[in-house]
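# Structural overview for review
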Amino acid sequence: AGGDLWIDDYDNAFLTLLGRLPTDAEVARLDAAQSATDSTGIAWFNTLPERGAAVCTVLLGNLEFLGAN
């Protein structure tokens, strides 16, 4: 990830929601969510808002977040 069309700083969201920084595995999972493709290689998320929704869905669906809130 990186660049203007990618969300690549998850620290604030993790600190706000979970009180800790993301692990490397969590960063990799969120980056992968943004770059997901279908079976033909076409990206599922082509805009910043779509990528943001993907990141929020993964983060808010985290069992740690659900258990803490």
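Residues numbered from 1 in each chain as written. Predicted model: local features only at pLDDT ≥ 70, side-chain atom pairs only at ≥ 80, totals over all residues. Heavy atoms only, no water.

### Comments concerning the overall build of the protein chain
- A tally of helices and strands in the protein chain yields four helices and zero strands.
- When the helices and strands of the protein chain are read in sequence order from the N terminus, they spell out α-α-α-α.
- Buried positions account for 23% of the 69 residues belonging to the protein chain.
- Taking contacts inside the protein chain between residues at least 6 apart in sequence as the whole, the part at least 24 apart equals 50%.
- In the form shown here, the protein chain has an accessible surface area of approximately 4,500 Å², with 60% of it arising from carbon and sulfur atoms. (Helix = DSSP H or I, 4+ residues; strand = E, 2+ residues; numbered from the N terminus. Buried < 20%, exposed > 50% of the residue type's maximum accessible area, 1.4 Å probe, protein only. Contact = heavy atoms within 4.5 Å. Areas by Shrake-Rupley, 256 points an atom, 1.4 Å probe, with all protein chains shown as cover.)

### Some words on the nonpolar core
- Counting six residues, the largest nonpolar core is built from Tyr10, Phe14, Leu18, Leu30, Val55 and Leu59.
- Listed by contribution, the elements that provide at least two residues to this core are helix H1 (11-18) and helix H3 (48-60).
- The residues contacting Phe14, other than those within four sequence positions of it, are Gly19, Arg20, Leu21, Pro22, Glu26, Leu30 and Leu59. (Core = buried A, V, L, I, M, F, W, Y, C linked by side-chain atoms within 4.5 Å.)

### Focus on the environment of Thr23
- Tracing the sequence through the fold places Thr23 in the loop between H1 and helix H2 (24-34).
- You can call Thr23 partly exposed: its relative accessible area is 38%.
- Sequence-wise, Thr23 and Asp11 are 12 residues apart; in three dimensions their C-alpha atoms are separated by 9.8 Å.

### Focus: the confidence of the model for the protein chain
- Confidence in the prediction of the protein chain, expressed as mean pLDDT, is 83, and 87% of residues score 70 or more.
- When pLDDT is averaged over each element of the protein chain, H2 comes out on top at 90 and helix H4 (residues 63-68) at the bottom at 68. (pLDDT = per-residue confidence, 0-100.)

### Things to note about H2
- Residues of H2 that are buried include every one of Glu26, Leu30, Ala33 and Gln34, and no others. Along the axis of H2, the buried residues cluster in a sector spanning 100°; they form a single face. (Arc of directions from axis to C-beta.)

### A look at the packing of aromatic side chains
- Summed over the entire model, instances satisfying the criterion amount to one aromatic pair.
- Arranged with centres 6.3 Å apart and planes meeting at 85°, the rings of Trp44 and Phe45 form a pair that is edge-to-face.
- The aromatic ring of Trp6 is capped on one face by Arg51, whose charged end is 4.4 Å from the ring centroid. (Phe/Tyr/Trp six-rings, centres within 6.5 Å; stacked < 30°, edge-to-face > 60°. Lys NZ or Arg CZ within 6 Å of the ring centre and 35° of its normal.)

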